[in-house]
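# Fold and contact review
For reference, the chains in residue letters:
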Amino acid sequence: MARGRLRIHLGAAPGVGKTYAMLQEGQRLRGQGTDVVIGLVEPHGRRLTAALSEGLETVPRHTLVHRGTAFTEMDLDAVLARRPQVALVDELAHTNVPGSRNTKRWQDVDELLDAGIDVVTTLNIQHLESLNDVVRQITGVTQHETLPDEVARRADQIELVDLLPETLRRRLVHGDVYPQDRVEGALTHYFRLGNLTALRELALLWLADRVEEGLQRYRAEHGITAPWETRERIMVGLTGGPEGETLIRRAARITTRTPGSELLALHVVPGNGLAQPNRLGVLARQRALVESLGGSYHQTVGEDVPEALLRFAEDENVTQIVLGASRRGRFSLLLRAGVGQRTIHRSGPIDVHIVTHEQAAKGPSLRLPRPARGTGPARLWSALAGAAVLLPLLTLVLIALRDRMGLPGALVSYMLAVVLTALVGGVLPALVTAVAAGLLADYYFTQPLHSLDVVHTIDVVALAVFLAAAWLVGTASGAAARRTGQARRATSEARVLSRLAAAMMRGQDLPTLLEQVRENFSLTSVSLLEHGPGPGPVREPGPVREPEHAREPRWYVVASTGERPPERPHQGDVEVPIGDRLALAAYGHGLSGDDQRILSACATQIGIAHTHGALTRHAAETDTLAAAERTRASLLLTASHDLRAPLRSAEDALVRLRDLRPTGPSREASRLLAAARSAVRRAAQLVTDLDDLSRLHAGALDLYLRPVDLDEALTAALDDLGTSGRTIALHLPEQLPYVIADAALLTRVLTALGADALRHSTPDTPPTLTAGARPERLTVRITDGTTSEPNGSRADTLPLRLSRDLTEAMGGTLDHTTGTRAFAVTLTFPTSTHHAGR
């Protein structure tokens, strides 16, 4: 059976019209003859929304009783049995009442989709799990009902139901969103203009990212490599030269002037073996500049820089490239076009900006051709020098044997010199040697002698064939030498990686692995660095001066080997990033592109070893802590069980002692007996608190969350506090929403906090309890009078700790504040949507 399709109406805040849009879609589909039913709709008292559901078949809800209160939820079995084509299900992130088949409503929707039923649903942006902390920072409200982003990402269609913040606030004032008694609080808290604007931006950006994901998936499936300018992506090419900062700032200005654009920086590591370690520090500073401007830094390896730039641009859908004007002189540019010109010729639809800078045209005026990959500059010059020595010596020998060998023998001998040169230096020295040998053969071995003129046609043909054969043989010999070098290097790389993998399998520690890397690449020292909190480098005593890297991320050394290892990535001659938090830095000679590639693979393996070790240590520490926690909980349970009987016996003994004298005890004796009984009761209460705290941490304390009237909980708490002659001043509004809590535990928390406040206040200044409602939340603040002990010690007392843990277990929060003469505790609980007032 084909899986059903999911359509989500996404909104930035309550009241934008998601449910209304969902019902409109249902009416439209019904008008087209589609079988549509309402699985569940929450109109929230909005007349227009309720009116729009008329005419649509509604599957009756089923009722669940939880902690004495009846709740209604979507009847999943009934909808599955009805098997409509489309089901309308409101509030995808909703948490079902305990006792339902699934914990979350999106799980119900998943079952409907598996049954082949299409579902149209609604969702607010604040309920997405990835944005939960961002929404809390914006609104100050923690959303407890969250939805995994992956559930929303799997939707076949997401439609944004957008509304201007000003329009939404007008709807709120007119009573189209909340009842009138909640409008003022909503306008001044959650529905502030800034909050709504920020939430709307979050919704738009999140949906834009989903659209971008779909576009990239479509391009990949259809093999589209040409950039589509749906969003401007500006890439700046960095060479590691001093002009890089100018290019970055220029690209950043282009990005700023194009809303919604992205900034990327790319450095191409040359693959010809000509590494330049002096540029690593410059690149590190330029990378920090790119990231500070909101861009991202990337590196790639490529022998042909324009090809590497354009390949990356196609992969990332780059629309504009910013490059610096060439630093090479005019004569050098006549021999070979610069990177910018070659990139422009191949860029196609990608715009290329050439930016001038102070270093333009200040480089060397002439640049020799680069040797073939695999030969290297040393072998090129060695081959040319060898040819310069070999050709004259060979010519002298051939002149002496000219009468016996003639032109054919000379050409064969010269061919041997060309092959030897190709084997040493590659194609370029072979071609130079072939031309020089041809000229020498023409001058010394063709008629007329000692002249470049050729009289006989056969000699012309022989020279032409020699040059062609020399070029072919030189090319083949150079390619063979290059492939031989590549095979040798591949064997060496495989050996390095296999040795490192074997060392990891044997469980070698990080310093040993780093020492192996240092030896393999002939480095002076190597460090594995991690970004984050940790011990920084030791500072010498003396006046503190802010270093140049004061604003850089803080790094600390995880492991190192060698003399004076680097303490920060940019300090080393070689830097290899490993993910977001790790980096490998080393002192030593600069590495070629191939060496950097194999070092990156080694660094990745070392990063995996570090992560595996950290996870192993964490698991061991967790097991140790769990064992200690189990032991502590067992001791607490045993101690509480053993103490209850002696405490009960002590209280009974005090009661019997009071009743021993027929005329009753004296006033002083009565006072002492009462104080003793109070102390025994308090000790018994502490034992009970310890028992409950242990059960709570062990997950053995049962919770029955339901809508609770705060008045009832306060009345029960005041009854538990007893008639001690002390008072608590209550400041309660006439209308308070019900809170979602456990009635018994809420009473317990209020009793404990009230008793603690009475104990630390004076008779002249009684404690106060103030309650107030906020959007979807209710706060209770308990403040004592003057205190005679340091307020800092109050935060660690057992009653406060138990109250905090119980409150958090019920989904609320407990915060305390300490003043100069008073200590205050603030409780916050979510309110019930099923009970609007008392």
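Starting afresh in each chain, residues are numbered from 1 along the sequence in its written order. Since the coordinates come from a predicted model, pLDDT governs what is reported: local features require at least 70, and pairs of side-chain atoms require 80 or more to be given and counted, while whole-chain, interface and lining totals use all residues. Each side-chain value is derived from all of the structure's non-hydrogen atoms; neither hydrogens nor water enter the calculation.

### So, the overall build of the protein chain
Think of it this way: any DSSP run of H or I at least four residues long counts as a helix, any run of E at least two long counts as a strand, and we number them from the N terminus. When helices and strands are counted, the protein chain shows 24 helices and 24 strands. Exposure categories follow from relative accessible area, calculated using a 1.4 Å probe and restricted to protein chains: below 20% of the type maximum is buried, above 50% is exposed, and the middle band is partly exposed. Expressed as a percentage of the 838 residues in the protein chain, the buried residues total 41%. Whether two residues are in contact is decided by their heavy atoms: any pair within 4.5 Å suffices. For the protein chain, the proportion of contacts with a sequence separation of at least 24, taken over those separated by at least 6, is 72%. Residue exposure ignores everything except the shown protein chains as possible cover, and the areas themselves are Shrake-Rupley values with a 1.4 Å probe. When the accessible surface of the protein chain is totalled, it reaches about 44,200 Å², and 56% of it is carbon and sulfur.

### Thoughts on the sheet that holds strand 14 (residues 525–531)
Pairing is antiparallel across the open sheet formed by four strands, whose spatial order is 15-14-17-16. Only two strands of the sheet have a single partner each, and these edge strands are strand 15 (555–562) and strand 16 (574–578). Within the sheet, the average angular offset between the axes of one strand and its neighbour, ignoring direction, is 20 degrees. Of the pairings in the sheet, the one linking strand 16 to strand 17 (residues 582–587) comprises five bridges and is antiparallel in character. The partner of Ile-578 across the bridge, within strand 17, is Leu-582. Where helices are involved, their axes are fitted lines through C-alpha atoms of the stretch in contact, as for all axes, and angles between N-to-C directions lie from 0 to 180°. Contacting strand 14, strand 15 and strand 17, helix 19 (residues 510–520) crosses the sheet at an angle of about 60 degrees to strand 15. Criterion used throughout: strands pair if DSSP finds at least two bridges between them.

### Some points on the pattern of salt bridges
Salt-bridge detection follows one rule: a side-chain nitrogen of Lys or Arg within 4 Å of a carboxyl oxygen of Asp or Glu. A complete count under the given rule lists 19 salt bridges for this structure. The shortest N-O distance in the salt bridge between Arg-28 and Glu-25 comes to 2.5 Å. Residue Arg-28 and its partner Glu-25 are both found in helix 1 (residues 18–31); the two are separated by three residues, about one turn of the helix. Since its relative accessible area comes to 41%, Arg-28 is described here as partly exposed. The class for Glu-25 is buried, based on a relative accessible area of 9%. Through salt bridges with shared partners, one network takes in Arg-7, Glu-25, Arg-28 and Glu-159.

### Topic: a nonpolar patch on the surface
Residues enter patches when they are more than 30% accessible in relative terms and free of salt bridges; like-charged ones are connected within 9 Å and nonpolar ones (Val, Leu, Ile, Met, Phe, Trp, Tyr) within 5 Å. A cluster of nonpolar residues, Leu-390, Leu-416, Leu-420, Leu-423 and Val-424, forms a patch on the protein surface that exposes about 400 Å² of accessible area. Looking at the nonpolar patch, the element that brings in the most residues is helix 16 (residues 402–425), giving four residues. Positionally, Leu-390 belongs in helix 15 (residues 377–400). By relative accessible area, which is 32% here, Leu-390 ends up partly exposed.

### A word on the packing of aromatic side chains
Each Phe, Tyr or Trp ring (for Trp, its six-membered ring) is paired with any other whose centre lies within 6.5 Å, and the angle between the two planes then decides the class: stacked below 30 degrees, edge-to-face above 60, tilted in between. Evaluated as defined, the whole model comprises two aromatic pairs. With a centroid separation of 4.9 Å and 80 degrees between ring planes, the pair formed by Tyr-443 and Tyr-444 is classed as edge-to-face. Its relative accessible area of 31% is what places Tyr-443 among the partly exposed residues. Among the residues examined, Tyr-444 registers a relative accessible area of 23% and is labelled partly exposed.

### Focus: unusual backbone geometry
With phi around 55 degrees, Glu-91 is a residue other than glycine that occupies positive phi space. Relative to the elements of secondary structure, Glu-91 occurs in the loop between strand 6 (86–89) and helix 4 (105–114). Glu-91 gets classed as partly exposed once you look at its relative accessible area, which sits at 25%. In this structure, Glu-776 takes a positive phi of about 65 degrees despite not being glycine. With respect to the secondary-structure elements, Glu-776 resides in the loop between strand 21 (768–774) and strand 22 (777–783). For Glu-776, a relative accessible area of 36% corresponds to the partly exposed category.

### A few points about the environment of Ala-771
Tracing the backbone shows Ala-771 in strand 21. For Ala-771, a relative accessible area of 8% translates into the label buried. Residues Ala-771 and Leu-730, 41 residues apart in the sequence, show an inter-C-alpha distance of 8.4 Å. Residues within four places of Ala-771 in sequence aside, it is in contact with Leu-710, His-731, Leu-732, Pro-733, Leu-736, Thr-779 and Val-780.

### Some details on the confidence of the model for the protein chain
A residue's pLDDT is the confidence the predictor assigns to it, expressed on a 0 to 100 scale. Here the protein chain shows a mean pLDDT of 77. Residues at 70 or above account for 76%. Mean pLDDT per element in the protein chain: helix 13 (residues 330–335) is the minimum at 53, and strand 6 is the maximum at 94. When the criterion is pLDDT under 50, residues 788–792 qualifies, and its contacts beyond four places in sequence or with other chains add up to seven contacts.

### Digging into the side chain of Thr-779
With respect to the element layout, Thr-779 can be found in strand 22. Ignoring any residue separated from it by four or fewer positions in sequence, one finds Thr-779 in contact with Thr-770, Ala-771, Gly-772, Arg-774, Leu-827 and Thr-828.

### A look at the sheet that holds strand 6
Reading across from one edge, 3-2-6-7-1-8 is the order of the six strands in this open sheet, with parallel pairing throughout. Either end of the sheet is taken by a strand with one partner, and the two such strands are strand 3 (57–58) and strand 8 (157–161). Sheet topology note: the strand 6/strand 7 (residues 118–124) ladder contains four bridges and is parallel. Within strand 7, the residue paired with Ala-87 across the bridge is Val-119. In this fold helix 1 packs onto strand 1 (6–11), strand 2 (36–40), strand 6, strand 7 and strand 8, with an angle of close to 145 degrees to the strand it touches most, strand 1.

### A look at the pairing of strand 12 (residues 320–324)
Looking down a regular strand, the side chains alternate between one sheet face and the other. For strand 12, the buried fraction is high: four of the five residues fall into the buried class. As judged from the three bridges shared by strand 9 (residues 233–238) and strand 12, these two strands associate in the parallel manner. Bridge pairing links Met-235 to Ile-321 in strand 12. Pairing analysis gives five bridges linking strand 12 to strand 13 (residues 351–355), with the strands arranged parallel. Across the sheet, Val-322 pairs through a bridge with His-353, a residue of strand 13.

### Here's the deal with the side chain of Ser-525
Structurally, Ser-525 is set in strand 14. In this structure Ser-525 touches Arg-518, Thr-561, Gly-562, Glu-563, Arg-564, Pro-565, Pro-566, Ala-585, Ala-586 and Tyr-587, once residues within four positions along its chain are discounted.

### Some points on helix 4
Burial in helix 4 covers these residues: Arg-105, Trp-106, Asp-108, Val-109, Leu-112 and Leu-113. Around the axis of helix 4, the buried residues are gathered within 150 degrees of arc, so they sit on the same side. Directions from the helix axis toward the C-beta atoms define the arc.

### Topic: the packing of helix 16 against helix 17 (residues 427–445)
How two helices pack is summed up by the angle between their axes together with the distance between the axes. Axis separation between helix 16 and helix 17 bottoms out at 8 Å; the angle between their running directions is 165 degrees. Between helix 16 and helix 17, the crossing angle belongs to the class labelled roughly antiparallel. In terms of crossing hand, the pair formed by helix 16 and helix 17 is right-handed. In contact with Arg-402, Gly-406, Leu-407, Ala-410, Leu-411, Tyr-414, Ala-417, Val-418, Thr-421, Ala-422 and Gly-425 of helix 16, helix 17 contributes Val-427, Pro-429, Ala-430, Thr-433, Ala-434, Ala-437, Leu-440, Ala-441, Tyr-444 and Phe-445. Residues of the contact of helix 16 with helix 17, tallied by class, amount to 16 nonpolar, four polar and one charged. To sort the angles, those under 35 degrees are grouped as roughly parallel, those over 145 as roughly antiparallel, those from 65 to 115 as roughly perpendicular, and the leftovers as oblique. Here a crossing is taken to be left-handed if its near helix is turned anticlockwise relative to the far helix by less than a right angle, and right-handed if that turn runs clockwise. As a working rule, the residues Ala, Val, Leu, Ile, Met, Phe, Trp, Tyr, Cys and Pro are called nonpolar, Asp, Glu, Lys and Arg charged, and the rest polar, with Gly in that last group.

### Looking at helix 7 (residues 165–173)
Within helix 7 the residues assigned to the buried category are Pro-165, Leu-168 and Leu-172. Down the axis of helix 7, the buried set is contained in an arc of 60 degrees. They therefore lie on one face.

### Observations regarding the packing of helix 12 (residues 305–315) against helix 14 (residues 339–346)
In the contact formed by helix 12 and helix 14, the axes pass within 9 Å of each other and the chain directions differ by 50 degrees. Comparing the axis directions of helix 12 and helix 14 gives the class oblique. As for how helix 12 packs across helix 14, the hand of that crossing is right-handed. Facing Val-305, Pro-306, Glu-307, Leu-309 and Leu-310 of helix 12, the residues of helix 14 in contact are Val-339, Arg-342, Thr-343 and Arg-346. Residue composition of the contact of helix 12 with helix 14, grouped by class: five nonpolar, one polar and three charged.

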